[in-house]
Amino acid sequence: MDQKNIFLSKGFCKYENLIDDEEVNKLRLIYDSLLNDLVSTAHLRSDLGGQGELGSEKITQLMRPSSLLPELLESKAYQVANLQAQSLLGKDLVLDFDMLINKMPFTNTATPWHQDAAYWIDLPDKRAVSCWIALEEAHEENGCMWFIPKKDDQIRAHQAIVEGGALSCEAPKEKAVCIPLQPGDCTFHDGFTMHYSKGNTTAQNRRALILNFRPKDMVDLERAQGIDHLGERKVRNKP
Ligand SMILES: O=C(O)CCC(=O)C(=O)O
């Protein structure tokens, strides 16, 4: 099966070498400068792992980095990810939002099982795909992605385990598939695909750049309702 058919049947797939080493290195520099800039990024970042103080988050989630650095939108990574997203779900897919999710060394904090669609408003066109790009080798010990093959587009009941933290749902964990990646590789997952990552038990950061794509009409509809992916984390989509 090719990647597109794997994605369409399971709700996720892996792409090797989405971006080359030169692009990985460029993105690492940008990534680190944003992570270390606690002033300009303060309004964009939070702790997906709970309520860590600014700069000492267990899992740093930094939303819309391209709002600070618009040149990211023209970068190779964003361009090729958008093309792949279009090849998976249609030519009308555009970037909805980007984010950085970093797991700091030895923080050992899992990202709980969830479906991304739980964070989003219920849109009439449900096509959406997230591209999770590894900026270093991602493996079980530092928190690579795990997915449960998708059966349908049903949204599960979600709740935040820690107030303000990540949303979580019950998941048939025995079906989970672990997807280790090399730097520059990525996974694509559908908004309804349950996924999770273990904590980072290593001495290095686990840096991932995540780009979410959906039909342009749906992005327009979101914006018209004030959804810009900068607001609080909460359940917006229920069974
Ligand atoms: O990076 C992680 O640990 C979680 C990423 C995630 O949940 C996502 O990309 O939707």
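See the structure printed just above.
*Asks:* Where do I start with the site of the ligand in this structure?
*Replies:* The immediate surroundings of the ligand are formed by I101, K103, T111, H114, D116, W132, M145, H189, H195, S197, R206 and I210. In this structure, an oxygen atom belonging to the ligand sits 3.4 Å away from a side-chain N or O atom of H189. Interatomic distance of 2.9 Å between a side-chain N/O atom of R206 and an oxygen atom of the ligand. Relative to its free-state accessible area of 290 Å², the ligand is covered by the protein chains to the extent of 97%. Those elements that place two or more of their residues in the shell around the ligand are β4 (93-103), β5 (111-114), β12 (194-197) and β13 (206-215).

*Asks:* Where do I start with the sheet that holds strand β10 (residues 177-179) in this structure?
*Replies:* Adjacent strands of a sheet pair through backbone hydrogen bonds, lying either parallel or antiparallel. Across the sheet, four strands lie side by side as β5-β12-β7-β10; this open sheet has antiparallel pairing. Strands with a single pairing partner mark the edges of an open sheet, and in this sheet they are β5 and β10. Neighbour-to-neighbour, the strand axes of this sheet turn through a mean angle of 25 degrees, independent of strand direction. Bridging between β5 and β12 involves two bridges; their strand directions are antiparallel. Considered in β12, the bridge of H114 is made with H195.

*Asks:* Hey, could you run me through the sheet that holds β4 in this one?
*Replies:* Ordered in space as β1-β11-β6-β13-β4-β3-β2, the seven strands form an open sheet in which the pairing is antiparallel. Taken across any chain shown, the strands that pair with only one partner, and hence form the sheet edges, are β1 (12-15) and β2 (45-47). The average angle at which neighbouring strand axes cross in this sheet is 20 degrees, direction not considered. As judged from the 10 bridges shared by β4 and β13, these two strands associate in the antiparallel manner. Opposite N102, over in β13, you have R207 as the bridge partner. Helix α1 (residues 3-10) contacts β1, β6 (129-134) and β11 (186-190) of the sheet and is inclined by roughly 155 degrees relative to β1. Sheet strands touched by helix α2 (residues 21-36): β2, β3 (59-63), β4 and β13. Its angle to β13, the strand with the most contacts, is close to 100 degrees.

*Asks:* Help me understand the packing of aromatic side chains in this model?
*Replies:* Ring pairs (aromatic) are described by centroid distance and by the angle formed between their planes. Counted according to the given criterion, the structure contains five aromatic pairs. Ring geometry for Y15 and F188: centres 5.2 Å apart, planes at 80 degrees, overall edge-to-face. Within this pair, whereas Y15 is found in strand β1, its partner F188 is found in strand β11, the two being separated by 173 residues in sequence. As far as burial versus exposure is concerned, Y15 and F188 are alike and both buried. Measuring from centroid to centroid gives 4.7 Å for W113 and Y196, while their planes differ by 10 degrees, and the two rings are stacked. Of this pair, W113 sits in strand β5 while Y196 is found in strand β12, placing the two residues 83 residues apart along the sequence. The two residues W113 and Y196 agree in class, both being buried. In this structure, R214 packs its charged tip against the face of W120, placed 4.3 Å from the ring centre.

What counts, and at which threshold
Residues numbered from 1 in each chain as written. Predicted model: local features only at pLDDT ≥ 70, side-chain atom pairs only at ≥ 80, totals over all residues. Heavy atoms only, no water. Near = heavy atom within 4 Å. Polar contact = N/O pair within 3.5 Å; in protein donor to acceptor, adjacent residues only side chain to side chain. Areas by Shrake-Rupley, 256 points an atom, 1.4 Å probe, with all protein chains shown as cover. Helix = DSSP H or I, 4+ residues; strand = E, 2+ residues; numbered from the N terminus. Pairing = 2+ DSSP bridges. Axes fitted to C-alpha atoms, helices over the stretch in contact; angles between N-to-C directions. Contact = heavy atoms within 4.5 Å. Phe/Tyr/Trp six-rings, centres within 6.5 Å; stacked < 30°, edge-to-face > 60°. Buried < 20%, exposed > 50% of the residue type's maximum accessible area, 1.4 Å probe, protein only. Lys NZ or Arg CZ within 6 Å of the ring centre and 35° of its normal.

Interpretation note: all reported values are geometric properties and have no functional meaning in isolation.
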